[in-house]
Amino acid sequence: MTKKILILPGDGIGPEITAEAVKILDACRESGLDAEREEGLVGGAGYDAAGHPLPESTLAKAKAADAILLGAVGGPKWDTLEDLSKRPEKGLLGLRKNLNLFANLRPALLYPQLAEASTLKPEVVSGLDIMIVRELTGGIYFGQPRGIEQRDGENGKERVGFNTYVYSESEIERIGRVAFEMARKRGKKLCSVDKANVLEVTILWREVMNRLAAEYPDVELSHMYVDNAAMQLVRAPKQFDVVVTGNMFGDILSDAAAMLTGSIGMLPSASLNEKQQGMYEPCHGSAPDIAGQGLANPLATILSVAMMLRYSLGEPALADRIERAVGKVLDQGLRTADIAYPGTRQVSTREMGDAVLAAFAES
Ligand code: NAD
């Protein structure tokens with residue numbers, strides 16, 4: 001059946017980088033991918049056109065799509081909007097919530113050609129290939145009750161801020177299964193990150209992971225406290241294969257892992273629900289400082305198309321072809337400004353997209 005893909009360019013560099021990714025997507029369609037695509041507005045672009053960061057028409061298209069490719073949202077133009085529900089990022093949160101995109105996959109893969117771009121020593125990071133599986137729709141970011149209120153304290157009334165860290169067994173189990181399945185397809189090692197020495201929620205998290213492990217005897221499960229995990233990520237990151245963790249710990253660790261690879265402009269991500277419907281986007285934001293100048297690196301968005309082909313469209317061979325094409329272009333020494341260093345050739349956003357397209361066509 002013909003698959004439906006929704007393209008949401010968004011704001012800032014979003015339209016520039018998605019334009020390059022769409023070229024590759026169209027080349028995949030010419031190579032046999034049975035898919036149609038349409039566009040929609042989200043973020044600040046949605047607000048400007050329809051008064052809402054997630055216009056109803058966009059949400060309807062998103063629900064009907066098999067996969068969504070999103071550029072990025074946000075920018076200074078909308079930072080002063082007083083109604084917080086109209087801020088661009090609410091468009092993203094709305095998509096995650098409405099489509100129940102509970103599993104966030106964030107690979108941290110270092111192309112060997114870019115080992116010099118990392119702030120860590122090349123021998124520590126070269127060959128790095130980690131997949132962080134982050135729970136995305138629960139945990140302390142969504143738990144109730146939450147708020148800031150006046151309470152009686154020892155020194156009289158004062159304001160108190162509070163949030164609730166909560167996970168149900170079923171929420172832990174479903175993200176656990178995604179992670180075990182992922183580990184099974186990769187290096188068969190899964191590290192579950194928690195804070196079970198302090199937090200009851202994560203005692204339950206650890207229990208559920210241990211229970212699931214019995215169903216995946218081919219996967220080696222280990223546990224690590226989050227503070228140690230942060231340390232190990234910068235000390236010896238290659239020890240990790242798949243990492244599974246909750247929303248807040250995953251938020252922080254995946255950004256740290258991203259920087260091991262040198263540039264945020266290289267990192268794709270996927271957010272999936274139980275039907276493998278997914279939203280695919282680069283890890284970075286809308287980079288207003290370089291928007292419209294042809295400086296943005298489109299590779300994270302192009303690699304997001306590869307993830308889309310692999311996880312939502314059932315086309316792993318095309319995904320491999322895109323990833324190989326990206327490797328080939330890096331071998332040729334082509335670099336956008338964020339990953340350029342002496343001896344490489346700096347190219348624009350469009351030139352980088354065209355080079356990947358040419359390498360894809362030759363493969
Ligand atoms: P950012 O990721 O947009 O930019 C951080 C730095 O990285 C900037 O110097 C930028 O120029 C650079 N950069 C980012 N992507 C790049 C690319 N593809 N190529 C080359 N350089 C790149 O983060 P920020 O500056 O904190 O946020 C800017 C805006 O993006 C804000 O409005 C923020 O809310 C929004 N944002 C959106 C998302 C998203 O859409 N998923 C994520 C993070 C931030």
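Use the structure listed above.
A. The sheet that holds strand β9 (residues 220-225), seen in detail. In spatial order, the strands read β2-β1-β3-β12-β11-β4-β5-β10-β8-β9; together these 10 strands make up an open sheet with mixed pairing. One side of each edge strand has no neighbouring strand; the edge strands of this open sheet are β2 (35-39) and β9. Neighbour-to-neighbour, the strand axes of the sheet open up by a mean angle of 20 degrees, direction not taken into account. Note: strand β1 (residues 3-10) against β2, 5 bridges, orientation parallel. Looking at the pairing, I7 lines up with E39 of β2. Of the strands in this sheet, β1, β2, β3 (67-72) and β12 (278-282) touch helix α1 (residues 14-30), which is tilted by about 160 degrees from β1.

B. Here's a closer look at the packing of aromatic side chains. Under the defined criterion, the tally for this structure stands at 4 aromatic pairs. For the ring pair Y165 and Y167, a centre distance of 6.0 Å and an interplane angle of 65 degrees mean the geometry is edge-to-face. Under the relative-accessibility criterion, Y165 is labelled buried at 17%. Their ring planes at 85 degrees and their centres at 6.3 Å tell us that Y165 and F249 sit as a pair that is edge-to-face.

C. Geometry of the layout of surface pockets. If you add up the space inside the largest pocket, you get close to 550 Å³. In terms of lining residues, the largest pocket is bounded by 23 residues, among which L92, R96, E281, C283 and H284 are the most central. When residues of the lining of the largest pocket are traced back to their parent elements, those giving at least two are β3, α5 (89-98), β4 (103-109), α10 (247-260), β11 (268-272) and β12. The leading source of residues in the lining of the largest pocket is α5, at 5 residues. A class-by-class count of the residues in the lining of the largest pocket yields 7 nonpolar, 7 polar and 9 charged. For the second largest pocket, the calculated volume is near 360 Å³. Around the second largest pocket sit 16 residues that line it, and P107, L109, R186, R310 and E323 are the ones nearest its centre. If one sorts the elements of the lining of the second largest pocket by residue count, helix α11 (residues 299-311) sits on top with 4 residues. Its residues placed into classes, the lining of the second largest pocket shows 11 nonpolar, no polar and 5 charged.

D. Quick peek at the packing of helix α7 (residues 169-185) against helix α8 (residues 200-213). Running from N to C, α7 and α8 cross one another at 50 degrees; their axes reach a closest spacing of 9 Å. The angle between α7 and α8 falls in the class oblique. When you trace α7 past α8, the crossing you get is right-handed. Contacts between α7 and α8 involve E169, I172, E173, I175, G176, R177 and F180 from the former and L204, W205, V208, M209, R211, L212 and A213 from the latter. Residues of the contact of α7 with α8, tallied by class, amount to 9 nonpolar, 1 polar and 4 charged.

Analysis parameters
- Residues numbered from 1 in each chain as written.
- Predicted model: local features only at pLDDT ≥ 70, side-chain atom pairs only at ≥ 80, totals over all residues.
- Heavy atoms only, no water.
- Pairing = 2+ DSSP bridges.
- Helix = DSSP H or I, 4+ residues; strand = E, 2+ residues; numbered from the N terminus.
- Axes fitted to C-alpha atoms, helices over the stretch in contact; angles between N-to-C directions.
- Contact = heavy atoms within 4.5 Å.
- Phe/Tyr/Trp six-rings, centres within 6.5 Å; stacked < 30°, edge-to-face > 60°.
- Buried < 20%, exposed > 50% of the residue type's maximum accessible area, 1.4 Å probe, protein only.
- 1 Å grid on protein atoms, 1.4 Å probe; cavity = no way out; pocket = protein on both sides within 12 Å on 5 of 7 lines; lining within 4 Å.
- Points joined across faces, edges and corners; volume = space filled by probe spheres on them.
- Nonpolar A, V, L, I, M, F, W, Y, C, P; charged D, E, K, R; others polar.
- Parallel < 35°, antiparallel > 145°, perpendicular 65-115°, else oblique.
- Left-handed = near helix turned anticlockwise from the far one by under 90°.

Nothing here speaks to function; it is all geometry.
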